[in-house]
Amino acid sequence: MDMTALLRPLTLITGLSLVLALAALIGERPVNAVAPPQLLLADYAAQLDKAQKLEVTHGRGLSGARSLHISRTDTGWTLDERWNYPANDELVNETLLALADLKAVQARTAQVDWHRALGLVVPEDLGAAVRFRVTGKQGAILTSLLLGKEQQSESEATQEVRNYGPELRQFYVRREDSAQSWLARGRLPRNPDMAAWIDPALPRHDLDKLTKLRFGTGDDAFAALRVGSNWSLGGTQDWLDRFAALRPDDVARAEAINFDTARPFTLQFEDGLSLTYENVGAATVIWSRISARANADASGDIKALATRLNNRFNGWALRFSAERTPLLLPAKRDLDG
């Protein structure tokens, strides 16, 4: 038997395998051979103080895209889509800082055809990415980053929590003007709900000074009075605990809501301040209109506080989910516990 004849095909196969392996290595280089920078957006981080506008756009595939525009004013951040209602300053600032602190862990693909698998297609192209765009004066783009899927491996996610702590996540990102994608580490909010971005603040005062709660008008009216450290209606303290955690889901102009049939409740404080919530149920939501009043004999500080609260909340209607009905439209039995 001619052994040379047998070895010739094996030699060809081995050579072909080496060529294919070399081609695979060369083809893989653009995917992950790029050295990651220490900070992914170092140029943006250097001019963070110039940020004037934050735009967050969520890609929803066939449902299109949904954008949120937040602008800086002399008094803080405001929501363009909500008639410049105050935004959640803490969340906005956290987002801007999180972008500046984003760490590149490892390079991923620079091939455009693979972006969809990582969730990095722009929202306007039926993509699922979340775009964070920060602009400065005259609309100059400071950064525009696409946030894609989180790292999917359960073992990698477990290792990530062990190494970096539960608040940090690893996800795929890319600059909108670049095809190069990255596995990055940091914390960026994905919440598309308006409730997360509007200012959660409601008129508050020292509940230790609260002396009376008055609910409703006419025959349906009832009140809860503080007697020492107790309340005349036994469920009042539980109601107050839930009221202290109340935050709005959305906001509208007050003139857009019909408050003719609103049912009010008023918190009266020993220092002369009163806070009134007028509440009206509309299908699956409750709208509230809020006002403050100071008694004629109240101190100048309390009168100034009432003025500030009215300047802040007058003209607005705050929306709450219908599950808040026992809190905003309570019957006497809800507090007579």
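Residues numbered from 1 in each chain as written. Predicted model: local features only at pLDDT ≥ 70, side-chain atom pairs only at ≥ 80, totals over all residues. Heavy atoms only, no water.

## Examining helix 6 (residues 236-244)
- Taken residue by residue, helix 6 has Thr236, Trp239, Leu240 and Phe243 as its buried positions. In a view along the axis of helix 6, the buried residues occupy a sector of 100°, so they form one face of it. (Buried < 20%, exposed > 50% of the residue type's maximum accessible area, 1.4 Å probe, protein only. Helix = DSSP H or I, 4+ residues; strand = E, 2+ residues; numbered from the N terminus. Arc of directions from axis to C-beta.)

## What about the environment of Thr75?
- Among the secondary structure elements, Thr75 is positioned in the loop between strand 2 (65-73) and strand 3 (76-79).
- Along the primary structure Thr75 and Pro86 are separated by eleven residues, whereas in three dimensions their C-alpha atoms are 8.8 Å apart.

## Some points on the sheet that holds strand 5 (residues 103-107)
- What the nine strands build is an open sheet, ordered 4-3-2-1-6-7-8-9-5; its pairing is antiparallel. Edge positions in the open sheet fall to strand 4 (85-86) and strand 5, since each of these has one partner strand only.
- Note that strand 8 (residues 169-175) and strand 9 (residues 181-186) share six bridges and pair antiparallel. Bridging across to strand 9, Tyr172 finds its partner in Leu183.
- Here helix 3 (residues 89-100) sits on the sheet and contacts strand 1 (53-59), strand 2, strand 3, strand 6 (130-135) and strand 7 (141-150); the angle it forms with strand 3, its principal contact strand, is near 100°. (Pairing = 2+ DSSP bridges. Contact = heavy atoms within 4.5 Å. Axes fitted to C-alpha atoms, helices over the stretch in contact; angles between N-to-C directions.)

## Regarding the confidence of the model for the chain
- For the chain, the mean per-residue pLDDT works out to 88, and 85% of the residues sit at or above 70.
- In this model, residues 16-30 is a region of pLDDT below 50 whose contacts with residues beyond four sequence positions or in other chains number four contacts.
- In this model, residues 154-166 is a region of pLDDT below 50 whose contacts with residues beyond four sequence positions or in other chains number nine contacts. (pLDDT = per-residue confidence, 0-100.)

## Looking at the sheet that holds strand 11 (residues 222-227)
- The strand order across the open sheet formed by eight strands is 12-11-10-14-15-16-17-13, and the pairing between neighbours is antiparallel. The open sheet has two free edges, formed respectively by strand 12 (230-231) and strand 13 (250-253), since each of these has just one partner strand.
- One ladder, built from five bridges, connects strand 10 (residues 210-215) with strand 14 (residues 263-269); its direction is antiparallel. Paired with Arg214 across the strands is Thr266, a residue of strand 14.
- Those strands touched by helix 6 are strand 10, strand 11, strand 12, strand 14 and strand 15 (273-282), and its axis lies near 90° from that of strand 10.
- Most of the contacts of helix 7 (residues 300-313) go to strand 16 (residues 285-294), to which it runs at about 150°, and overall it touches strand 15, strand 16 and strand 17 (316-321).

## Comments concerning the pairing of strand 7
- The buried count for strand 7 comes to seven of ten residues, which makes it a mostly enclosed element.
- Strand direction decides the pairing type here: strand 6 and strand 7, joined by six bridges, are antiparallel. Residue Arg133 lies in a different strand from strand 7, and its bridge partner there is Ser144.
- Bridge count for strand 7 against strand 8 is four bridges, and the pairing is antiparallel. Note that in strand 8 the partner of Leu145 across the bridge is Arg175.

## Quick notes on the pairing of strand 17
- Inspection of the sheet shows strand 13 paired to strand 17 by four bridges, in the antiparallel sense. Bridged to Asp250 within strand 17 is Arg319.
- Note: strand 16 against strand 17, four bridges, orientation antiparallel. Across the sheet, residue Ser288 finds its bridge partner in strand 17, namely Leu318.

## So, the pattern of salt bridges
- All chains considered together, the criterion is met by 14 salt bridges.
- Glu176 is paired through a salt bridge with Arg131; the nearest N and O atoms lie 3.2 Å apart. Placement of Glu176 in the loop between strand 8 and strand 9 and of Arg131 in strand 6 is noted, with a sequence separation of 45 residues between them.
- For Glu176, a relative accessible area of 25% puts it in the partly exposed group.
- A relative accessible area of 3% places Arg131 in the buried class.
- A salt bridge links Arg242 to Asp238; the shortest N-O distance between them is 3.3 Å. Linking Arg242 with Asp238, this pair stays in helix 6, spanning four residues, or about one helical turn.
- Judged by its relative accessible area of 31%, Arg242 is partly exposed. (Salt bridge = Lys/Arg side-chain N within 4 Å of Asp/Glu carboxyl O.)

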